[in-house]
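This is what each chain is made of:
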Amino acid sequence: MSVKLPKRLSSKKKKLPKDNVQPEILQKLGLEACSTAPLDPSSILDISTWTLENHAPRELKDLPNAFLRRLWLLSQDARSPCIQPEQNGLNKDNASPTEELTGFESTKQSPIHPLDLVTSVFLSANTFLQQEMTVHMMQCKFAVPLVLPNVDPEEPSHFLLWPLRAVVSRWWSHTLDMNRRLQEGNLASMCMPIVSCVKFGHCNVSKSKVLNHVLNGLKPGSETFVHKGMDGGQLPRKLSNGLVEIGWHLPTGDINRDIFPVPVVISNLRGNASTHEKSLSLLCQASSAVVVFCGDLREKDKQLLVSCKDIAKKIILIDFSETDKQENRVVEFVGLEEQMGLPKGSVLPGGTLSEEDVASKLCENLKNLFPDKLKLVTLEAAATLAVELGLNVDEGPVCKKAMATVEEVLRGLDEGPAEYWMKQFPLQGPLWSKLGELDKMESKQRKEGNIDPQLQKQKKDIFAELSSYRITPAMKLFTDALFTTDKMERSYFLTWLKLRLDMMQTKEQNNSQEVSPVPQTENKSTGNMPENLEDIEHGAGDSNSFCSVSAFQVTEGQPENTEMFVSEQQCEIVQELCAVIQSAVKTTESPSDNTNSDIQNVEITEDEVSFEDQNSHQVSEDQICNLDSETVSCKEKHLDITEITRAVPKLAPPAEQQMCNEVSSENQATSNSQPVELDPYSIGLEHFLREMGLMFELTHISPSSGNQNILRLPSVATDLLLYGVPLEIMDGNASNIPMCWLGCIFAELKRRLAQEHLRTRVLTNLGMHNAKNAEVLSALFGVKFPYGGRTTNRGVYMAALAIPSHLKKDMECDLLLLMDVEGLCSFPVNNKESMLIHDNEMTTVAIGLSDVLVQNISQHSDENFETAFSVMVNGLLRTKECGSLPICQILAEDKGINSILQASQTKHIYDMLLTESEDRRNVDNGCAKTTSSASFVKGPWTKMFLSEPVDTEYSMAVLKLKQNLFESLKRCTAKSEASGLPEFMAHLCAVWDAVKSESFSIGLENMDVASAFTLLCTEFFQWKQSLLENIESWLLEASTKIFATKAKALDSSVQNSLLNGLKNEAQEEVKSEVNKVKSKAEAYLMKDDIFKVHAETFKPILMSNVSNLQEQVMEQIMKKLDTINEIHCSSTQLKKFESMLEEEQEFKLLALVETSKSTKILLQDNELEEEFDIVWSKTVAEFDFRPSETDDITTRVRDVLRQNLIHRSLQKHMKKLDIFGQNQTSDFQVHDEHFGYRSRLKHMFEDNNRQQRLEAQQLAWKILDEYKQFVEHKCSLPADFSDSYIVELLETVEKALGGKSMEIRSAFEVDLKLHLCNAACQDFQKLHDRFAKDKELLFCISAAKANFLAEFIYNFRKRDECQRLAKAFTSMVITPTVLDYIKKPLGMQIAEQIKDKAKQYRSPQAFQQSLLEELIKEDHFESFKEYLLSYDNFRLMKIQETVEAHLSESNSLSQWRQQRLGEIIGKISAAVSQTPEGLNGALSDTKPLLERACLVLEEDADIDVGRASLNGPLFSITTDWDRFVKCVMELLATLRLDLGQEFSQNVDINQLLNSLSVQPQDYLFKKVRGCDKKCPLCGAPCEVDDLGHEVHKALLHRPKGLILYDSSSLPCTSWPESQIPGKDDSAKDKSVTCKDLHSLHPNWSNSSDDPDRPEASVYWRYVLTRFSEKFAKEFQQEPAKIPEEWRKITQEEALDNLKEVFEASEN
């Protein structure tokens, strides 16, 4: 919310330079109008007082308000320039949840430098708001402006002295005798060292960071000065260059903690000092020391530094010049040091140091100068220098005049407060107190019906003595100052009066107060202050200005200076109010009591009324508006020309001024001449205001004592009240209320705030004298009450705030009266009993007037705590007798155990008093609450130690407390209607009259009753807790019984029977427990005498609480039983619905997963949502909801039909609606009345109009058929009945009738519509009843539909993912493993079966014999050739042929594979099914589980599993292991079925053999291969079976014709020499026989063929003879010459020879 200001008034000012950006910044911040209408303290009302939340600024114009609001909350981010722009709708909709949660952090912007923001607000505020801002900034430990640059850079800057005058703080001084003294001082006037820091050139360190470390130490602390590391600190300064800020260091008394031993002011000049010569000159002359941060100096900078040597007392240079100019830098600074004449060590190197190191060196250097080497100066003296240098100082002529007036008012106070009090405040002496005592005695006697004449005489004597009163000089000056027409002057006057009183009190305190010794080794300062420190607090340090109530609306046409005139209207108001006061007093006066009658019926004399004529010389309204604009800023046509600042001292009136009740008249006459012993800190602004009120009161008591200005005082006081100056309702010292004075003020206030009904609420803060009552109200509402302390200002004070328009509706009031009770239980030693009575009276009045009561609990419990608590309890008890109690809020200043116990005890007492009154009924109805939980707000409070940080929770705690109070004010509307000001005044009179006459059962001096009642409340609370615990235990058992009926939960008869039985049992149980409490209560009341004496008071309250407790517990337990039963039924219903939905979802999911598996198409979310909607609609339609109350739709249908007839102008048929809703037993029939007379006459001869009626009937039937379809369609929709159905139906009828040209009357249309609507009532009622079932459950289910949908999609995704994952695992891991398991041993099995079946495969010789036999039987040359040339390949081919033949003939292959398939599937199933412990169907990481299953297969089943596929990301997901196993099992079954079918079919043998890891032919070949060696002569294979043999042997050597012959070959078989094929004689000698083989080759044995045996080598001889020509042709040589005997060899002989050879070899 930007600051809303009036339009800028036109004024002629010189034009600013074009390049001046300052006005542009003010305009962007929304402060451009503040140059003519500056912000004042009233702005805080809209910005802070009525604000309940600390919203982030949205735009640049929100920053000033945010700064002030946060500053008043003492928030550390007050100076932050960050804004959070509002996101547009598109961005908001598209924003992610993370962006929405991060919110401010992700979107914050800093469009302006923090110092520019602070400077802008200071420039836009008047001096009184600047003062309050300065105080709050000091409390936050922020630097405050001292010299403020002008908006126009060509104009001089402003020196701000006035804001600093309100900054007051305390510190502990360091002393050599180890004693700490608690000192207090004012920032503006205290003598102390001032260290100023300036900068020349660019430095590589932050000057502000260095100064922060100097002020706060190297540990992280408050950021006093803004630096580049803060939000927006890196932005360039546009408005704050030339700003001089100051920070205040105050010692804590801890030597180890304090940076400096004395208070020190650190000032900081922003920007380059060379461009701000006036400010530089001021700081040099006014400072104790000047610290110069030097960068790369220019010649101008050097000249300025040299010129400073004559005016600066002490200069410290810190060198930050560039390091690459080292030589020049040394020469430069050495020369500069000589020119300036600086002592050695005045130049500190800092180029390579960090901010922390620079701060440490600077602190060490400054510490060496304390305490004697630095001069002590004041900021007041600096202001004088500023004037001489041409700067503008904010304390102008108006301020000076006001300050001079204050000095005249306080003239004589230096002689002593007692003498000053006696001379200047005579009306506050013992006569006022005595008059109050006599008035109380008279009220008591009047109540008894007997008034003592002596009492009347004493009052008459006092009146006579008071009639001689003449206004004192001080009060004359004081009232004249208030009568001034210059509101600015009046504001200065009041503020300075308060400040001067504070300064005088501070001076006396510092001179007189001593604190006990504290060891210097102590590491705590203020944290361990003496507990009685709060008792010595006085004065104000928060603020000195009053907060204007700008929200008040003054009656139009009223003169602006109404307080300057006493009109006839005002006189009439005074007289009227006096009559109101007299009529409000509930007393019965005796007619014979003429004296009293004369006194109380005082009339305003003509002399008093003539004051208006005597003051005709007063300034007119036009003259006021033409005042000098330099001294006062007038607001156009507004009463609040300027704000009035408020003084808030903590001064107590003298305790000794109270006189004994029985003082004689003689002593009274001489009492004024006797000095009154006063506390030295007792005079405050409130005493001047009290004296002013008593002056007016005296005029009405004794008319002859008045003067010409008396009647103007209520108008002035009303002015002050409107501007925030508290009004004293009750004088706590004299315990008296000036009724006439208050009455006139309220009358004037009512006239000023002319509203028809000025609704008023009262909020009161009640606490002990050390409970910080005024500070709390100041923190909450910005109003300033007199602060309490040991020497307190006893009394009840009131401030008025206008409720803003946006809160009036909720609070139902226009005016909020804040009341503060100060000085409670601050008893003088010699007059405690009298003051105790006064405290009881104050408390009773305050509570009796309140709508909301804040019970403030102090963190310091002294010996008077129990007394104060008793006073509060007595006040509540007395208020209870008079009427309803206020709503109570509890406030504690800390979270200590004492505060918590006090808050709890206060709550018990307040709850105890809420009995049978309207308060209890409101509580029971939920319209009002009793006490909320205690709010905790921890300081900072008045005159806090500025060295201590503000509690981080303070801002939030204040806002929370304010929210609670505003909620309480809203709840007041349920208790009572807000009263107006006259009613409030009458109520005040009634309460005061009851207090004076002690119309209570509890006396004002009786404190035992409160203690007894407190004990009774504590006991009752324990009884109540015990009862509630027992009832809770019983309720737990009852809940168990209800939830035990699981199967019968939906049976209404069973549940109702059980519930009724439990309710009856509950009544008996509660009655029994309450009877126990009653017995305890009755016994307790008879325990002690105090209870016996006050049994009539306590017993009704106690029994009422017991009765209310019984009602409350009974009502609660009945509600809980109903709730538990409903929860049980609803939960059962919900579980049933979820079960049905889950079942439907399961079917749907299975179908969808199968579809996805079969189609291999991934379903999208929108498709899944459509499928879920089908499931949802089906489940909701089929679910049996519990019937609930339904409404009849007949009325709704009738209303729609009525509106339709009206719209169709058919009102003449309205009477037919009277029978609407009756059951229809017949169909719609057409009658003659549906046709007009002419139509019937026209068709009367056509079979009695039969044809026309038939057409109409057919039309009606057609419409009825359409209606049935319409109803069927609507009932099929998943929606409840709607009125739009009837509208649509009627439109359909009209459309059907409009399309036919029939001569029918409107009655036909009405009757048909009536018939259809009647039918619709019955049909749609069923639809409505179907949907009007358990609405709460349906709402709950519907609300959870999104969750169910998300779960449905999630389950499908997980199942589909699980299915796909299982499929991938099956295809990538399981299938290869299964196939490998089946095929790996298959080759060996085939080979072994062949080996067992064919004997030739048993040994290499048998295979060789079988092979040779097969060759000779085949009798194919090609086979022999292949055998001879490719021996191994031929053998392998024959083996393969054997294998293929075997496989083609045998059916064992399918059996083997089926068997292996079953084995491997079983092993895999067992391995996968072994679910690890602890999963229980939960989502698990799949990869480790799959690896575990593979490991089980490898270790337990001895199966090789390929796990390489598991290493990818495919299997690194979470899934439901149980479901995954199920999917795998399904896929395994499918795999087994598929492979089984494959194995049962004919197989491609070659394809199968190629797929085997072990080839059977290779395996058999290895078995029959034998030795690989061949005869070196003929190539015959070695046929020795023994492994590892060394000598080879061939059984059948081959003849020479079977091999390719060349010259190098040597035949090894017997052959006729002449018959060697293709050789000449030269070759014959080379032919050898087998006998020669061993000789030629020792590793070969001779052949077994005996050359002498003709059958030797018969086999090969037969072969050669059979194919000699073919061999010759193949070898391309001559055919061999075959001996004739070879030709005679037959095939049988060759086979026989073969068998003999191999048999011989075996033998």
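All values derive from a computational prediction rather than experimental measurement.

Reading the values: rules and limits
- Residues numbered from 1 in each chain as written.
- Predicted model: local features only at pLDDT ≥ 70, side-chain atom pairs only at ≥ 80, totals over all residues.
- Heavy atoms only, no water.
- Helix = DSSP H or I, 4+ residues; strand = E, 2+ residues; numbered from the N terminus.
- Buried < 20%, exposed > 50% of the residue type's maximum accessible area, 1.4 Å probe, protein only.
- Areas by Shrake-Rupley, 256 points an atom, 1.4 Å probe, with all protein chains shown as cover.
- Pairing = 2+ DSSP bridges.
- Contact = heavy atoms within 4.5 Å.
- Axes fitted to C-alpha atoms, helices over the stretch in contact; angles between N-to-C directions.
- Core = buried A, V, L, I, M, F, W, Y, C linked by side-chain atoms within 4.5 Å.
- 1 Å grid on protein atoms, 1.4 Å probe; cavity = no way out; pocket = protein on both sides within 12 Å on 5 of 7 lines; lining within 4 Å.
- Points joined across faces, edges and corners; volume = space filled by probe spheres on them.
- Nonpolar A, V, L, I, M, F, W, Y, C, P; charged D, E, K, R; others polar.
- Salt bridge = Lys/Arg side-chain N within 4 Å of Asp/Glu carboxyl O.
- pLDDT = per-residue confidence, 0-100.
- Patch = residues over 30% accessible without salt bridge, like charges linked within 9 Å, V, L, I, M, F, W, Y side chains within 5 Å.
- Phe/Tyr/Trp six-rings, centres within 6.5 Å; stacked < 30°, edge-to-face > 60°.
- Left-handed = near helix turned anticlockwise from the far one by under 90°.
- Parallel < 35°, antiparallel > 145°, perpendicular 65-115°, else oblique.
- Expected span 1.5 Å × (residues − 1).

**Student:** In this structure, what is going on with the overall build of the chain? I would like to understand it.
**Tutor:** Of the regular secondary structure elements, the chain holds 62 helices and 20 strands. A buried classification covers 54% of the 1707 residues belonging to the chain. Of the roughly 76500 Å² that the chain leaves accessible, carbon and sulfur atoms contribute 49%.

**Student:** Please explain the sheet that holds strand β2 (residues 158–159) as it appears in this structure.
**Tutor:** In a beta sheet, neighbouring strands are held together by backbone hydrogen bonds and run either parallel or antiparallel to one another. Read from one edge to the other, the open sheet built from nine strands follows the order β10-β9-β8-β5-β7-β6-β1-β2-β11, with strand pairing classed as mixed. Each edge of the open sheet carries a strand with a single partner, namely β10 (347–349) and β11 (392–393). Bridge count for β2 against β11 is two bridges, and the pairing is parallel. Bridging from a neighbouring strand, His 158 pairs with Asn 392 of β11. Contacting β1 (144–148) and β6 (244–249), helix α8 (residues 127–139) runs over the sheet at an angle of about 135 degrees to β1. In the packing of helix α10 (residues 277–286) onto the sheet, contacts are made with β1, β2, β5 (194–200), β6, β7 (264–269) and β8 (289–294), and the angle to β5 comes to roughly 145 degrees.

**Student:** Got a minute to help me understand the nonpolar core in this structure?
**Tutor:** Side chains that are nonpolar tend, in soluble globular proteins, to be buried together. The biggest cluster of nonpolar side chains holds 156 residues, and the ones touching the most others in it are Leu 410, Phe 478, Phe 493, Leu 497, Phe 688 and Phe 1013. Broken down by element, the residue count for this core peaks at 14 residues, all from helix α38 (residues 1008–1044). Other than its neighbours up to four places away in sequence, Phe 478 contacts Val 409, Phe 493, Leu 494, Leu 497, Leu 685, Phe 688, Leu 689 and Met 692. Within the second largest apolar cluster, 124 residues are counted, among which are Phe 122, Leu 243, Val 290 and Leu 969.

**Student:** What should I look at first to understand empty space enclosed by the protein in this one?
**Tutor:** As a volume, the largest cavity reaches approximately 260 Å³. Residue lining of the largest cavity: 24 residues in total, with Leu 689, Arg 690, Pro 726, Leu 727 and Glu 728 positioned closest to the centre. Elements represented by at least two residues in the lining of the largest cavity include exactly α27 (685–701), α28 (713–722) and β12 (727–731). The residue inventory of the lining of the largest cavity, partitioned by class, reads 19 nonpolar, one polar and four charged.

**Student:** Even after reading the chapter, I still don't get unusual backbone geometry, so can you show me in this structure?
**Tutor:** For residues besides glycine, phi is generally negative; the peptide bonds are generally trans as well. The backbone of Asp 1419 shows a phi angle near 60 degrees, a positive value even though the residue is not glycine. The residue Asp 1419 is located in the loop between α51 (1404–1418) and α52 (1421–1429) in this model. Assessed through its relative accessible area of 25%, Asp 1419 is described here as partly exposed. One non-glycine residue with positive phi stands out, namely Gln 1676, at about 55 degrees. Counting through the fold element by element, Gln 1676 comes out in the loop between α60 (1658–1675) and α61 (1684–1687). Assessed through its relative accessible area of 72%, Gln 1676 is described here as exposed.

**Student:** Which parts of the structure should I look at to understand the pattern of salt bridges?
**Tutor:** Here the idea is simple: oppositely charged side chains can pair when their charged atoms come close. According to the stated counting rule, one finds 56 salt bridges in the structure shown. Between Lys 996 and Asp 439 there is a salt bridge, and its shortest N-O distance comes to 3.0 Å. Placement of the pair is Lys 996 in helix α37 (residues 981–996) and Asp 439 in helix α17 (residues 430–448), with a sequence separation of 557 residues. Note that Glu 967 and Lys 970 form a salt bridge whose closest N and O atoms lie 3.8 Å from each other. Residue Glu 967 and its partner Lys 970 are both found in helix α36 (residues 954–975); the two are separated by three residues, about one turn of the helix. Residue class for Glu 967 comes out partly exposed when judged on its relative accessible area of 39%. For Lys 970, a relative accessible area of 23% corresponds to the partly exposed category. Among the ionic contacts, a cluster of salt bridges with common partners joins Arg 490, Asp 719, Glu 748, Arg 751 and Arg 752.

**Student:** Would you mind going over the confidence of the model for the chain with me for this structure?
**Tutor:** Low pLDDT means the predicted atomic positions in that stretch should not be read closely. A residue-level look at the chain finds 76% of positions with pLDDT of 70 or above and a mean pLDDT of 75. pLDDT under 50 marks residues 1–18. Its contacts with residues more than four places away, or in other chains, come to 34 contacts.

**Student:** Hey, could you run me through a nonpolar patch on the surface in this one?
**Tutor:** The grouping of Ile 897, Ile 900 and Leu 901 at the surface amounts to a nonpolar patch, some 290 Å² of accessible area in total. By the secondary structure assignment, Ile 900 is in helix α34 (residues 897–913).

**Student:** Explain the packing of aromatic side chains to me, please; I cannot follow it from the model alone.
**Tutor:** Within a pair of aromatic rings, the relevant descriptors are the distance that separates the centres and the angle that separates the planes. For the structure on display, the rule yields 33 aromatic pairs. For the pair Phe 1270 and Phe 1324, a centre-to-centre distance of 6.4 Å together with 85 degrees between the ring planes defines the contact as edge-to-face. With Phe 1270 in helix α45 (residues 1250–1276) and Phe 1324 in helix α47 (residues 1306–1331), the pair connects residues that are 54 residues apart, well separated along the chain. For the pair Phe 1270 and Phe 1324, one class covers both residues: buried. Each ring, one from Phe 1281 and one from Phe 1324, has its centre 5.5 Å from the other, and the planes form 35 degrees; the classification is tilted. Of the two residues, Phe 1281 sits in the loop between α45 and α46 (1283–1298) while Phe 1324 sits in helix α47, which places them 43 residues apart along the sequence. Both residues of the pair, Phe 1281 and Phe 1324, belong to the buried class. Site record: aromatic cluster; members linked through ring pairs are Phe 1421, Phe 1424, Tyr 1427, Phe 1434, Tyr 1659, Trp 1660, Phe 1667, Phe 1671 and Phe 1675.

**Student:** Looking at this structure, how should I read the packing of α28 against helix α29 (residues 739–752)?
**Tutor:** When two helices pack together, their arrangement is given by the angle between the helix axes and by the axis-to-axis distance. Relative to each other, α28 and α29 sit at 65 degrees, their axes nearing to 9 Å. In this structure, α28 meets α29 at a crossing whose hand is right-handed. For the pair α28 and α29, the contacting residues are Leu 713, Pro 714, Ser 715, Ala 717, Thr 718, Asp 719, Leu 721 and Leu 722 in the first and Trp 741, Cys 744, Ile 745, Glu 748, Leu 749 and Arg 752 in the second. The residue inventory of the contact of α28 with α29, partitioned by class, reads nine nonpolar, two polar and three charged.

**Student:** Could you clarify how one ought to interpret the packing of α51 against helix α53 (residues 1431–1449) in this entry?
**Tutor:** In contact at an axis separation of 12 Å, α51 and α53 are set at 85 degrees when each is read in the N-to-C sense. When the axis of α51 is compared with that of α53, the two are roughly perpendicular. Taking contact as the criterion, the partners of Phe 1407, Gln 1408, Leu 1411, Glu 1414, Leu 1415 and Glu 1418 in α51 are, on α53, Tyr 1431, Phe 1434, Arg 1435, Lys 1438 and Ile 1439. Each residue belonging to the contact of α51 with α53 can be placed in one class, and the counts come to six nonpolar, one polar and four charged.

**Student:** It is not clear to me how helix α41 (residues 1095–1159) should be interpreted in this structure. Could you clarify?
**Tutor:** Within an α-helix, residues lying three or four positions from one another point in the same direction, as the helix has 3.6 residues per turn. Taking 1.5 Å of rise per residue, the 65 residues of α41 would be expected to cover 96 Å, and the 89 Å separating its terminal C-alpha atoms lies within 8% of that figure. Downstream of α41 by one or two residues, Lys 1160 has phi in the positive range, about 60 degrees.

**Student:** Please clarify how the pairing of strand β3 (residues 168–173) should be interpreted in this entry.
**Tutor:** Within a regular strand, side chains alternate between the sheet's two faces. Most of β3 is tucked away: six of the six residues are buried. The side-chain alternation of β3 yields two buried faces, one formed by Val 168, Arg 170 and Trp 172 and the other by Ser 169, Trp 171 and Ser 173. Pairing of β3 with strand β4 (residues 181–186), which is carried by six bridges, proceeds in the antiparallel orientation. Note that in β4 the partner of Ser 173 across the bridge is Arg 181.

**Student:** Mind showing me how you'd approach the pairing of strand β17 (residues 887–892) here?
**Tutor:** Of all six residues in β17, six are buried; the element is thus mostly enclosed. Judged from the six bridges that link them, strand β16 (residues 852–857) and β17 form a sheet pairing that is parallel. Within β17, the residue paired with Asn 856 across the bridge is Leu 891. When β17 meets strand β18 (residues 935–936), the two strands line up parallel, connected through two bridges. Paired with Ala 892 across the bridge in β18 is Phe 936.

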